[in-house]
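# Chains, contacts and geometry: an overview
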Amino acid sequence: MVTLTRTMLALVAALTIAGLTSASAQTPSPTGARVYFINLKDGQKVKSPFLVQFGLSGMGIAPAGVEKPNTGHHHLLIDTTLTGDQLKASIPADDTHKHFGGGQTEAMVTLPKGKHTLQLVLADWTHIPHVPPVMSQVITIKVR
Ligand SMILES: [Cu+2]
């Protein structure tokens, strides 16, 4: 009897921990949501600085820090991608991971001459990508 109660308590504790873990996990994205480059195509030649317009369909934009279902803010990845582990964490903020936490939908980008890859990733109010992640195709541009 005592053993059974202990076992049940252990089970309840384990389930509670599992529940908390999933509750603190990532924000879901709606089916069909996507981000894309409006004005740039894979292989495009541009002159720096150049405009990058961020397209989004199936979701809305909210500034960083504002928690609202089915929203997020844009991130531009330059010459980098996110690994599987990075897709579950807050996106870093540096020269290759640009945040548009104000809710911006375009940006002027300055890059040195040569080939560069660009990718858009939407992330939630705490900068963590959604599940499934809402990411654009990686495009390569040539800066003249
Ligand atoms: Cu961010």
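Residues numbered from 1 in each chain as written. Predicted model: local features only at pLDDT ≥ 70, side-chain atom pairs only at ≥ 80, totals over all residues. Heavy atoms only, no water.

## What about the coordination of the copper ion?
Here the copper ion is held by the protein donor atoms His73 (NE2), His75 (NE2), His99 (ND1) and His127 (ND1), which lie 2.0 to 2.1 Å from it. Each of the 4 donor atoms bound to the copper ion contributes to angles spanning 91 to 151°, and the resulting shape is irregular. (Donors = N, O, S within 2.8 Å, 3.2 Å for Na, K, Ca; no water. Tetrahedral: all angles 85-135°; square planar, octahedral: opposite > 155°, others 65-115°.)

## Observations concerning the nonpolar core
Within the largest apolar cluster, 23 residues are counted, with the highest numbers of intra-cluster contacts made by Phe37, Leu40, Phe50, Leu76, Leu111, Leu118 and Ile141. Of all the secondary structure elements, the ones that give two or more residues to this core are β1 (34–37), β3 (50–57), β5 (71–78), β7 (106–109), β8 (114–123) and β9 (139–143). Those residues in contact with phenylalanine 50 that sit more than four places away from it in its chain are Leu40, Ala107, Met108, Val109, Leu111, Leu118, Ile141 and Val143. Grouped together as the second largest cluster of nonpolar side chains are 6 residues, Leu77, Leu87, Val121 and Ala123 included. (Core = buried A, V, L, I, M, F, W, Y, C linked by side-chain atoms within 4.5 Å. Buried < 20%, exposed > 50% of the residue type's maximum accessible area, 1.4 Å probe, protein only. Helix = DSSP H or I, 4+ residues; strand = E, 2+ residues; numbered from the N terminus. Contact = heavy atoms within 4.5 Å.)

## So, the confidence of the model for the chain
For the chain, the mean per-residue pLDDT works out to 89, and 83% of the residues sit at or above 70. Every residue in residues 11–24 is under pLDDT 50, and counting partners more than four places away or in other chains gives 0 contacts. (pLDDT = per-residue confidence, 0-100.)

## Looking at the packing of aromatic side chains
Considering all chains together, one arrives at 1 aromatic pair under this definition. Pairing phenylalanine 54 with phenylalanine 100 gives two aromatic rings, centres 4.8 Å apart and planes at 50°, and the pair type is tilted. Here phenylalanine 54 is found in strand β3, whereas its partner phenylalanine 100 is found in the loop between β6 (97–99) and β7, with 46 residues between them in sequence. According to the relative accessible area criterion, phenylalanine 100 is buried, its value standing at 9%. (Phe/Tyr/Trp six-rings, centres within 6.5 Å; stacked < 30°, edge-to-face > 60°.)

## So, unusual backbone geometry
Excluding glycine, most residues fall at negative phi; most peptide bonds, likewise, are trans. In this chain, serine 48 is followed by proline 49 through a cis amide linkage whose omega measures -5°. Mapped onto the secondary structure, proline 49 falls in the loop between β2 (45–46) and β3. In this structure, asparagine 70 takes a positive phi of about 60° despite not being glycine. The backbone of histidine 127 shows a phi angle near 70°, a positive value even though the residue is not glycine. Among the structural elements, histidine 127 can be located in the loop between β8 and β9. Of the residues examined, histidine 127 reaches a relative accessible area of 23% and is grouped as partly exposed.

## Some thoughts on the pairing of β1
Burial along β1 is one-sided: Val35 and Phe37 are buried, and none of Arg34 and Tyr36, which face the opposite way, are. Pairing analysis gives 4 bridges linking β1 to β3, with the strands arranged antiparallel. Bridge pairing in β3 links tyrosine 36 to glycine 55. (Pairing = 2+ DSSP bridges.)

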